[in-house]
Amino acid sequence: MQRPRSMQVHVADYNNKPIEGAQVSAGNASAYTDAKGDALLESAGAVDITVQARGFEEQQRFVDNREATRVQLFTLGRAGMPYYFRGKVKVPFEPLPGTIGVLLKEAAKSDNKRDVRETRFAELAKSVKGEVIRAGKNFERSGLAVVRIDAKDEATLDKRLRALEKDPSVEAAGMVVRLEGDHASFLTNLIIARFDEHVDEGRVADLAKRHGLVPEGRFGDLGNVHRLRFDGPATFAVLEAANALAAEPDVVYAEPDLASTSEEDAIIPNDFLFPEQWDHQLIDTPDAWQALRDMDASRTFGDADIVMAVVDNGIDPNHPELSGNVSSGAAKQVALFDFGAMVGNMSNLSVDLTDMFRDHGTCCASAAVANTNNASAVAGSTEGVAGVAGNCRLIGIRRGGTEARYAEMYLWAAGFDAGSTTDGFPAQLARGADVITSSFGFSVNNPISGLMSDTFDRLTDDGRGGRGALLFFSAGNDNVDLDTTNRRPWSMYDRCFGIAASTLNNDGITEIKAAYSNFGSTIICCAPSNDNEGRHNPPQVFGAHTATIVAAANGDAIPGHPAQQSTLAAAAAAGATVLSLASAAGFAVGQALLAGQSG
């Protein structure tokens with residue numbers, strides 16, 4: 001007989017608020033949720049779980065032996081509310097009639113100017129007799145806007161959605177299922193379904209046809225997970241088809257492929273050279289480097305055979321910190337790919353010099369793998385900063401698209417076959433990443449989808465030559481308790497490492513949680529970051545130091561090496577705002593200036 005074990009259940013309402021006092025039952029076991037919506041059940045494994053709470057519709061779900069080891073999420077709604085699935089999690093939502101999301105194709109935002117995108121969204125809204133009701137911030141950076149259409153009937157709504165889908169500048173358009181604050185998720189006409197392993201292609205085609213769907217192939221190495229296209233615009237009819245398919249006995253899950261806003265976790269770099277990098281001293285990187293050197297001098301700054309993928313908004317391929325060769329002679333860069341534009345370069349990275357998020361990927365990559373002891377353009381001076389693993393190699397990824405595209409992207413990054421049907425999708429990598437790091441949020445305030453949980457399971461089970469790839473995700477910058485929300489579903493997943501931010505207290509010694517960082521039991525560790533969005537100005541503010549921004553916003557470029565040097569003509573008093581130089585030769589307006597020695 002299987003021994004009982006504790007199974008955690010988390011219960012929230014359709015607004016992501018924890019429900020206290022909900023009754024959770026499984027067999028003869030029963031418990032009530034606490035203030036965070038959590039309950040522990042003694043379970044012998046596979047079991048039916050029932051959740052009841054006053055004012056909400058009861059939910060029941062079967063949990064098999066494998067799933068019983070994970071936190072079981074339940075989202076409750078009022079009776080009769082529409083719903084969609086995220087894996088096996090039923091998610092009720094408040095419908096917003098006539099409210100649609102529009103995602104631009106990369107070509108439509110390639111000039112990356114905010115006013116151009118705003119104009120394009122306004123034009124698209126006008127073309128379907130609607131108005132833009134949500135844009136800016138995360139919407140603007142995601143190339144997404146929310147539009148309200150005054151459609152008197154379903155036929156009119158269908159017609160206008162079809163018109164948007166056919167527009168050459170539009171990647172996707174569909175009904176909004178979640179809209180809150182700076183975030184939205186909306187339907188596309190793609191459904192993702194996992195079938196039992198014994199279900200063959202013919203049976204998949206029969207089931208798809210029964211529900212008005214057309215098969216578009218499997219996700220390559222992900223198992224029996226299929227793309228199914230709904231023959232019509234992305235109205236709530238997509239959900240009707242997906243939910244009906246989910247009820248079929250041969251279907252593990254069926255869920256809509258959502259387009260969502262993303263959330264950047266920006267780090268503003270502020271200075272240069274290793275003595276300025278207080279975070280290395282905090283985590284004892286020099287001692288780790290020494291230990292590696294004692295074992296093998298060629299691995300002092302990391303193993304040249306280790307590959308890290310940085311999933312962000314791309315990297316500067318010509319940056320001296322991220323180019324050249326590692327100690328083995330292999331190229332620093334294994335591969336670069338832009339999944340927004342579907343091209344093997346980072347040309348879109350340099351188009352908007354007014355957006356600090358343009359350099360986010362470069363900064364994140366440099367914190368991890370910036371070259372060490374590398375010479376600069378100035379004789380006798382080394383370049384910039386030192387990455388924690390400066391001798392490791394790099395895969396640079398510019399992210400983009402719907403959730404299905406993200407799943408394909410992660411499979412590709414780890415060296416798997418994504419089975420993508422997207423034009424221009426890159427060939428399978430001969431050498432995938434050992435470590436994948438992502439400093440952003442996607443599908444915010446939704447439970448993790450079945451597609452992404454399957455993707456992360458495959459990578460962590462079979463990546464890295466069967467040892468499992470390591471997946472790191474930032475926890476987010478909202479100072480919220482992740483135990484009471486689905487704010488960051490990917491970082492909160494039990495196969496991923498959720499990383500919060502720490503900094504130094506004003507004493508310059510004590511490590512503390514950064515005030516903005518999210519927290520909770522899903523956090524694996526805190527990593528040094530910055531106090532706030534401001535310049536490095538100890539002891540009040542400690543900023544993280546990353547690679548040089550070549551053309552920074554508002555003239556805030558930082559020095560990567562001393563291009564010119566001078567001395568003071570006269571001593572400067574404490575608090576002085578003007579420095580008198582003995583010689584200003586070679587100095588120019590807009591350059592950054594470091595006063596004194598670094599560190």
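Residues numbered from 1 in each chain as written. Predicted model: local features only at pLDDT ≥ 70, side-chain atom pairs only at ≥ 80, totals over all residues. Heavy atoms only, no water.

Trainee: Mind showing me how you'd approach the side chain of Gln277 here?
Mentor: Within the secondary structure, Gln277 is located in the loop between β18 (262-264) and α6 (278-282). In this structure the side chain of Gln277 is engaged in a polar contact, spanning 2.9 Å, whose partner is the backbone nitrogen of Ala386. Ignoring anything within four residues of it in the chain, the contact list for Gln277 reads Val385, Ala386 and His545. (Helix = DSSP H or I, 4+ residues; strand = E, 2+ residues; numbered from the N terminus. Polar contact = N/O pair within 3.5 Å; in protein donor to acceptor, adjacent residues only side chain to side chain. Contact = heavy atoms within 4.5 Å.)

Trainee: How should the confidence of the model for the protein be read in this particular structure?
Mentor: In low-pLDDT regions, the fine details of the predicted coordinates are not to be read closely. In this model, the protein carries an average pLDDT of 89, and 91% of its residues clear a pLDDT of 70 or more. Confidence over residues 267-272 falls short of pLDDT 50; this stretch has 36 contacts with residues more than four positions distant or in other chains. Note that pLDDT drops below 50 for residues 351-357; the model gives that stretch 18 contacts with residues more than four away or on any other chain. (pLDDT = per-residue confidence, 0-100.)

Trainee: Is there a simple way to explain the environment of Val369 in this structure?
Mentor: The topology assignment puts Val369 in helix α8 (residues 360-369). Considering only alpha carbons, one finds Val369 and Ala163, 206 residues apart in sequence, at a separation of 46 Å. Leaving out residues up to four positions away in the same chain, Val369 has contacts with Met308, Glu321, Leu322, Lys332, Gly387, Ala389, Gly390, Cys392, Arg393 and Leu394.

Trainee: So what exactly am I meant to see when it comes to the pattern of salt bridges here?
Mentor: Pairing between side chains of opposite charge can happen when their charged atoms approach one another. Considering all chains together, one arrives at 29 salt bridges under this definition. Ionic pairing is found between Glu140 and Arg117, a salt bridge with its closest N-O pair at 1.8 Å. Pair noted here: Glu140 is in helix α2 (residues 137-141) and Arg117 is in helix α1 (residues 114-127), with a separation of 23 residues, a long-range link. Judged on exposure class, the residue Glu140 and its partner Arg117 are both buried. We note a salt bridge from Arg398 to Asp338, for which the minimum N-O separation is 3.0 Å. One end of the pair, Arg398, is in strand β21 (residues 393-398); the other, Asp338, is in strand β20 (residues 333-338), and 60 residues separate them in sequence. For the residue pair Arg398 and Asp338, the accessibility class agrees, reading buried in each case. (Salt bridge = Lys/Arg side-chain N within 4 Å of Asp/Glu carboxyl O. Buried < 20%, exposed > 50% of the residue type's maximum accessible area, 1.4 Å probe, protein only.)

Trainee: Even after reading the chapter, I still don't get the sheet that holds strand β4 (residues 38-43), so can you show me in this structure?
Mentor: Read from one edge to the other, the open sheet built from three strands follows the order β4-β1-β7, with strand pairing classed as mixed. If you trace the sheet from one side to the other, it starts and ends with β4 and β7 (72-76), each paired once. Here the average twist between neighbouring strands, direction ignored, is 30°. Alignment of strand β1 (residues 5-13) against β4, held across six bridges, turns out to be antiparallel. Bridge assignment links Gln8 to a residue of β4, and that residue is Leu40. (Pairing = 2+ DSSP bridges. Axes fitted to C-alpha atoms, helices over the stretch in contact; angles between N-to-C directions.)

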